Amino acid sequence: MTTSSQTSSRVTPLHRSPQAAPTTVPGVYRAAARILAANGLYQGDHVPDAMDREMCIPHFLRPMSIVAALKCATTGDPHRTSLLSDEAIAVLALRLEVDGEGPLYGGIFDLEAHVDAWGDMESRTTESAVAMLERAAEMAVAA
């Protein structure tokens, strides 16, 4: 005799597995760092060709911005948000300086724009973004 859960043939992709989803802000930073290390940092938008005019690669496999990586770490989609990704973005925005300044306002879109501005700096590399996220995870654990 089998139960309905034993007969299910549906396989959940790892990036959408509940066990793989981070549950803390430091976990979000670590997961986003892994995503950026694997996919690369993209500057200027969440992902290249966001309207799918030239690419047919799923968005979660494309290079992405830091904000998109934080969202993707919690939802599996670089465009979907969650309370945890918003919290991670807010904490990160308050730690980053762009041209010697923090974020101008405290709304989530302003905080996202501030993190994006840090990631869009001309000299920013994937490696520096990954290192910053790993440091942020360490600092969040220590706090």
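In what follows, the accompanying structure is described.

Rules used throughout
- The residue numbers shown here count from 1 along each chain, following its written sequence.
- A pLDDT threshold of at least 70 governs which residues receive local features in this predicted model, and a stricter bar of 80 or more applies before side-chain atom pairs are shown or counted, although totals over entire chains, interfaces and linings include all residues.
- Water and hydrogen atoms play no part in the side-chain values, which are based on all heavy atoms of the structure.
- Here, the term nonpolar core denotes a set of buried Ala, Val, Leu, Ile, Met, Phe, Trp, Tyr and Cys residues that are joined through side-chain atoms within 4.5 Å.
- Type-normalised accessible area, obtained with a 1.4 Å probe on protein chains alone, sets the label of each residue: buried when under 20%, exposed when over 50%, and partly exposed for intermediate values.
- Put simply, DSSP marks the helices as runs of H or I at least four residues long and the strands as runs of E at least two long, and each gets a number from the N terminus on.
- Contact definition: two residues touch when any of their heavy atoms are within 4.5 Å.
- Counting rule for charge: Lys and Arg are taken as positive, Asp and Glu as negative, and neither His nor the chain ends is counted.
- For salt bridges, the criterion is a side-chain nitrogen of Lys or Arg within 4 Å of an Asp or Glu carboxyl oxygen.
- Definition of a polar contact: a pair of N or O atoms within 3.5 Å, with one able to donate and the other able to accept a hydrogen when the atoms are protein atoms, and with sequence-neighbouring residues admitted only if both atoms are side-chain atoms.
- Multiplying 1.5 Å by the residue count of a helix minus one yields the expected span of that helix.
- Think of each axis as a best-fit line through the C-alpha atoms, taken over the contacting stretch in the case of a helix, with angles from 0 to 180 degrees between the N-to-C directions.
- Relative orientations are named as follows: roughly parallel for angles under 35 degrees, roughly antiparallel for angles over 145 degrees, roughly perpendicular for angles from 65 to 115 degrees, and oblique for any other angle.
- Asp, Glu, Lys and Arg are counted as charged, while Ala, Val, Leu, Ile, Met, Phe, Trp, Tyr, Cys and Pro are counted as nonpolar; the rest, among them Gly, fall into the polar class.
- By definition, turning the near helix anticlockwise from the far helix through less than a right angle yields a left-handed crossing, and turning it clockwise yields a right-handed one.
- Working definition: rings of Phe, Tyr and Trp (its six-membered ring) pair if their centres are within 6.5 Å, and the pair is stacked with planes under 30 degrees apart, edge-to-face with planes over 60 apart, and tilted otherwise.
- Both a distance and an angle decide whether a charge sits over a ring: NZ of Lys or CZ of Arg must be within 6 Å of the ring centre and within 35 degrees of the ring normal.

### Looking at the nonpolar core
Next up, step 1: Counting 36 residues, the largest nonpolar core has Tyr-29, Leu-36, Ile-66, Leu-70, Leu-92 and Leu-133 as its most contacted members.
Next up, step 2: Counting residues per element, the ones that place at least two in this core are helix H2 (25-39), helix H3 (66-75), helix H4 (83-95), helix H5 (108-119) and helix H6 (126-142).
Next up, step 3: The residues touching Leu-36, leaving out its near neighbours within four places in the chain, are Leu-41, Met-64, Ser-65, Ile-66, Ala-69, Thr-126, Ala-129, Val-130 and Leu-133.

### A few points about the side chain of Arg-124
Next up, step 1: For Arg-124, the location among the structural elements is in the loop between H5 and H6.
Next up, step 2: Buried and unpaired, Arg-124 has no salt bridge, with Asp-120 as the nearest side chain of opposite charge at 8.4 Å.
Next up, step 3: A polar side-chain atom of Arg-124 sits 3.0 Å from the main-chain carbonyl oxygen of Trp-118.
Next up, step 4: With residues up to four places along the chain from it excluded, the contact list for Arg-124 reads Leu-41, Gln-43, Trp-118 and Gly-119.

### Quick notes on H2
Next up, step 1: Between its first and last C-alpha atoms H2 spans 21 Å; for 15 residues at 1.5 Å apiece the expected length is 21 Å, and the two agree.
Next up, step 2: A large share of H2 lies buried, amounting to 11 of its 15 residues.
Next up, step 3: Of the residues flanking the start of H2, the one acting as N-cap is Thr-24, its side-chain oxygen 3.1 Å from the backbone nitrogen of Gly-27.
Next up, step 4: Just downstream of H2 lies Gly-40, where phi reads positive at about 100°.

### Looking at the environment of Phe-109
Next up, step 1: Here Phe-109 is to be found in helix H5.
Next up, step 2: Classification of Phe-109 as exposed rests on a relative accessible area of 66%.
Next up, step 3: Between the C-alpha atoms of Phe-109 and Ile-89, which are 20 residues apart in sequence, the distance is 9.8 Å.

### Some remarks on the packing of H3 against H5
Next up, step 1: For the pair H3 and H5, the least separation of the axes is 8 Å and the interaxial angle reads 120°. Comparing the axis directions of H3 and H5 gives the class oblique. Here H3 contributes Ile-66, Val-67 and Lys-71 to the contact with H5, which in turn contributes Glu-112, Val-115, Asp-116, Trp-118 and Gly-119.
Next up, step 2: For the contact of H3 with H5, a count of residues per class yields 4 nonpolar, 1 polar and 3 charged.

### Side note on the packing of H2 against H6
Relative orientation and spacing of two packed helices are given, respectively, by the angle between their axes and the distance between those axes.
Next up, step 1: One can describe the packing of H2 onto H6 by two numbers: an axis separation of 8 Å at closest approach and a directional angle of 165°. One way to sum up the angle between H2 and H6 is to call them roughly antiparallel. The handedness of the crossing between H2 and H6 is left-handed. Facing H2, whose interface residues are Pro-26, Tyr-29, Arg-30, Ala-32, Ala-33, Leu-36 and Ala-37, H6 presents Thr-126, Ala-129, Val-130, Leu-133, Glu-134, Ala-136, Ala-137, Ala-140 and Val-141.
Next up, step 2: Along the lines of polarity and charge, the residues of the contact of H2 with H6 split into 13 nonpolar, 1 polar and 2 charged.

### Some points on the packing of aromatic side chains
Next up, step 1: Following the criterion strictly, the structure yields 0 aromatic pairs and no others.
Next up, step 2: The side chain of Arg-124 reaches across the aromatic face of Trp-118, ending 3.5 Å from its centre.

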